[in-house]
Amino acid sequence: MVHRDQGKMVQEVAADVGLVAPPSRYVLSEENRPITVAQQAKLVIPIVDVSRLAMPDDVEEAAKLRSALQSWGLFVVTGHGMTKEFLDEILEATRKFFHLPLEEKLKCGNVIDGVKFQNEGYGIDRIDSDEQILDWCDRLWLQLQPEDERRLQFWPQNLRDLLHEYTLESGRVTMDVLKAMAKLLNQEEGFFINMVGERFKSYSRFTYYPPCPRPDLVNGLKPHTDNSVITLLLMDKDVGGLQVLKDGHWVDVPVLGNDLLVVVGEGMEIVSNAIFKAAWHRVVTSADKERLSLAMFYQPEPERIIGPPGVLVHEKRPAMFKKCLVQTLADGYWDAFAAGDRTVDFLNVRINAEADAELEGRAVVANN
């Protein structure tokens with residue numbers, strides 16, 4: 001599908017030295033504006049040492065993982081085996097790309113003569129209407145796997161070798177997490193890995209959030225859930241901004257240093273029959289600091305049909321979702337994202353909403 005690109009890069013907008021407030025295209029209605037969470041009790045994001053999950057007798061770490069997945073939908077990952085120097089190098093290379101002159105970055109762009117042909121490449125997220133409120137960020141979106149489907153014309157030269165290595169390393173961590181999640185459900189290690197398939201899709205999203213003169217008026221990235229099975233996130237080491245919805249309130253995810261963050265996506269919610277919940281999350285901006293992040297999304301093979309597996313469906317827990325083609329979910333994601341909706345709800349894939357009322361939080365997602 002071709003979409004008309006109607007916006008400038010946010011980094012360009014933010015660079016206006018006379019800018020005292022964001023343009024109206026970015027300004028949220030009053031009821032949807034982010035509010036401070038400084039007055040709220042500081043909740044502790046769960047932490048899981050992934051290196052311990054493979055130890056069959058480490059019931060303590062497995063219990064931490066179960067609690068994190070069922071009550072938060074995300075957790076901090078320690079023990080991932082990637083060095084500080086390697087992660088620092090990735091973030092620095094990302095910063096260098098976004099600091100290049102615009103004409104250099106546009107060599108990796110996905111807009112030709114004002115027309116956006118696909119989501120991959122450098123640019124802003126899709127714009128579907130003149131009324132759509134835009135997020136305060138630019139991004140570089142790249143397909144990583146299968147490797148023979150990479151479009152290297154969109155890959156910045158300074159990131160190619162690093163991103164290839166990071167794809168391998170993050171894939172290793174992801175597979176370890178999927179194995180541990182399967183064991184929590186008393187299934188074989190390969191339970192979820194086999195559902196994803198050998199030619200699973202993985203994507204990276206490098207996101208740049210410029211400073212905003214009025215952070216209280218905009219979303220850095222609107223509230224959403226991911227349509228992945230899981231997402232592995234490397235965040236800025238100095239500047240926070242990610243928030244997760246927990247019990248009806250937005251909670252700050254702290255700066256994590258060399259640790260990573262795993263976020264459960266809707267794909268996992270479907271194939272776990274909603275035992276593991278996709279996390280609503282958003283990004284708020286800073287008045288005087290830029291912020292970077294690198295998200296890795298893992299999705300099943302597009303031609304697969306996924307749904308709650310029979311072993312997880314029974315009288316006390318009926319199927320929570322219809323079976324659905326993975327490509328259909330992928331195609332519907334950007335429409336759902338632009339609308340601020342979950343893909344499974346946008347496409348009417350969820351069938352037992354009343355039995356899972358905790359997920360009926362769209363009204364509260366706007367601001368609580």
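Procedures and definitions
Residues numbered from 1 in each chain as written. Predicted model: local features only at pLDDT ≥ 70, side-chain atom pairs only at ≥ 80, totals over all residues. Heavy atoms only, no water. Pairing = 2+ DSSP bridges. Helix = DSSP H or I, 4+ residues; strand = E, 2+ residues; numbered from the N terminus. Axes fitted to C-alpha atoms, helices over the stretch in contact; angles between N-to-C directions. Expected span 1.5 Å × (residues − 1). Buried < 20%, exposed > 50% of the residue type's maximum accessible area, 1.4 Å probe, protein only. Arc of directions from axis to C-beta. Salt bridge = Lys/Arg side-chain N within 4 Å of Asp/Glu carboxyl O. Core = buried A, V, L, I, M, F, W, Y, C linked by side-chain atoms within 4.5 Å. Contact = heavy atoms within 4.5 Å. pLDDT = per-residue confidence, 0-100. 1 Å grid on protein atoms, 1.4 Å probe; cavity = no way out; pocket = protein on both sides within 12 Å on 5 of 7 lines; lining within 4 Å. Points joined across faces, edges and corners; volume = space filled by probe spheres on them. Nonpolar A, V, L, I, M, F, W, Y, C, P; charged D, E, K, R; others polar.

(A) Summary view of the sheet that holds strand β3 (residues 74–78). Taken together, the eight strands give an open sheet; going across it, the order is β2-β3-β13-β10-β15-β8-β7-β6, and neighbouring strands pair in mixed fashion. Edge strands, defined here as strands with exactly one partner in the open sheet, are β2 (47–49) and β6 (121–123). Taken over all neighbouring pairs, the strand axes of this sheet differ in orientation by 25 degrees on average, direction set aside. Bridge count for strand β10 (residues 230–235) against strand β13 (residues 260–264) is four bridges, and the pairing is antiparallel.

(B) Molecular detail of helix α2 (residues 59–71). Its 13 residues place the ends of α2 18 Å apart at the C-alpha level, agreeing with the 18 Å of an ideal helix rising 1.5 Å per residue. Every buried residue of α2 is accounted for by Glu61, Leu65, Ala68 and Leu69. Along α2, the residues classed as buried sweep out an arc of 95 degrees about the axis, all on the same side. Taken from the residues just after α2, Gly73 is the one with a positive phi, measuring 80 degrees.

(C) Structural context of the pattern of salt bridges. All chains considered together, the criterion is met by 26 salt bridges. Residues Arg139 and Asp125 are paired through a salt bridge, measuring 2.9 Å at the closest nitrogen-oxygen approach. Pair noted here: Arg139 is in strand β7 (residues 138–145) and Asp125 is in the loop between β6 and β7, with a separation of 14 residues, a long-range link. Since its relative accessible area comes to 0%, Arg139 is described here as buried. Residue Glu149 pairs with Lys201 through a salt bridge whose shortest N-O separation is 2.6 Å. Residue Glu149 is located in the loop between β7 and α5 (160–184), and its partner Lys201 is located in strand β8 (residues 201–209); the two are separated by 52 residues in the primary sequence. Looking at Glu149, the relative accessible area reads 28%, which means it is partly exposed. The network of salt bridges with shared partners includes Arg52, Asp58, Glu60, Glu61 and Lys64.

(D) Region of interest: the nonpolar core. In this structure, Phe75, Leu140, Tyr166, Met181, Phe192, Met268 and Phe276 are the most contacted members of the largest nonpolar core, which totals 81 residues. A total of 11 residues in this core trace back to one element, the largest contributor, which is α5. Contact partners of Met268, with chain neighbours within four places excluded, come to Leu178, Met181, Phe192, Ser228, Val229 and Phe276. One finds Val76, Val244, Leu256 and Val283 within the second-largest nonpolar core, a separate group that totals 25 residues.

(E) Structural detail: the sheet that holds strand β12 (residues 249–252). With antiparallel pairing, the four strands of this open sheet are ordered in space as β9-β14-β11-β12. Each of the sheet's edge strands pairs with one partner strand only, and the pair in question is β9 (221–224) and β12. If you compare each strand with its neighbour and ignore which way they point, the axes differ by 25 degrees on average. Two strands pair when backbone bridges link them, and strand β11 (residues 242–246) and strand β14 (residues 281–283) are joined in this way by three bridges, in the antiparallel orientation. Paired with Gln243 across the bridge in β14 is Arg282.

(F) Spotlight on the confidence of the model for the protein chain. Counting all residues, the mean pLDDT for the protein chain is 90, and 90% of those residues have values of 70 or more. Throughout residues 1–6 the model reports pLDDT below 50, and contacts reaching past four residues in sequence, or to other chains, amount to 23 contacts. In the model, residues 357–368 has pLDDT below 50 throughout and makes 33 contacts with residues more than four positions away in sequence or in other chains.

(G) Here's a closer look at the environment of Lys289. Of note, Lys289 is situated in the loop between β14 and β15 (291–299). Measuring from C-alpha to C-alpha, the distance between Lys289 and Tyr209 comes to 8.6 Å, with 80 residues separating the pair along the chain. Residues within four places of Lys289 in sequence aside, it is in contact with Tyr209, Pro210, Pro211 and Val239.

(H) Structural detail: unusual backbone geometry. Between Gln145 and Pro146 the backbone carries a cis peptide bond, its omega angle lying at 0 degrees. Structurally, Pro146 is set in the loop between β7 and α5. Phi angles above zero are rare outside glycine, and Asn273 is one such case at about 55 degrees. Its place among the elements puts Asn273 in the loop between α7 (266–271) and β14. Residue classification places Asn273 among the buried positions, given a relative accessible area of 0%. Of note in the backbone geometry, Ala274 takes a positive phi value of approximately 65 degrees without being a glycine. Judged by relative accessible area, which is 1%, Ala274 ranks as buried.

(I) Representation of empty space enclosed by the protein within the structure. Inspection of the entire model under this criterion finds five cavities of 30 Å³ or more. The calculated volume of the largest cavity comes to roughly 220 Å³. In terms of lining, the largest cavity is formed by 20 residues, of which the most central are Leu221, His224, His281, Ala295 and Phe297. Among the secondary structure elements, those contributing two or more residues to the lining of the largest cavity are β8, β9, β10, β14, β15 and α8 (326–339). Its residues placed into classes, the lining of the largest cavity shows 12 nonpolar, five polar and three charged. The volume enclosed by the second largest cavity comes to roughly 120 Å³. If you go around the second largest cavity, you meet 14 residues; those closest to its centre are Ile124, Asp125, Arg126, Leu134 and Asp135. Ranked by residue count, the leading element in the lining of the second largest cavity is α8, at three residues.

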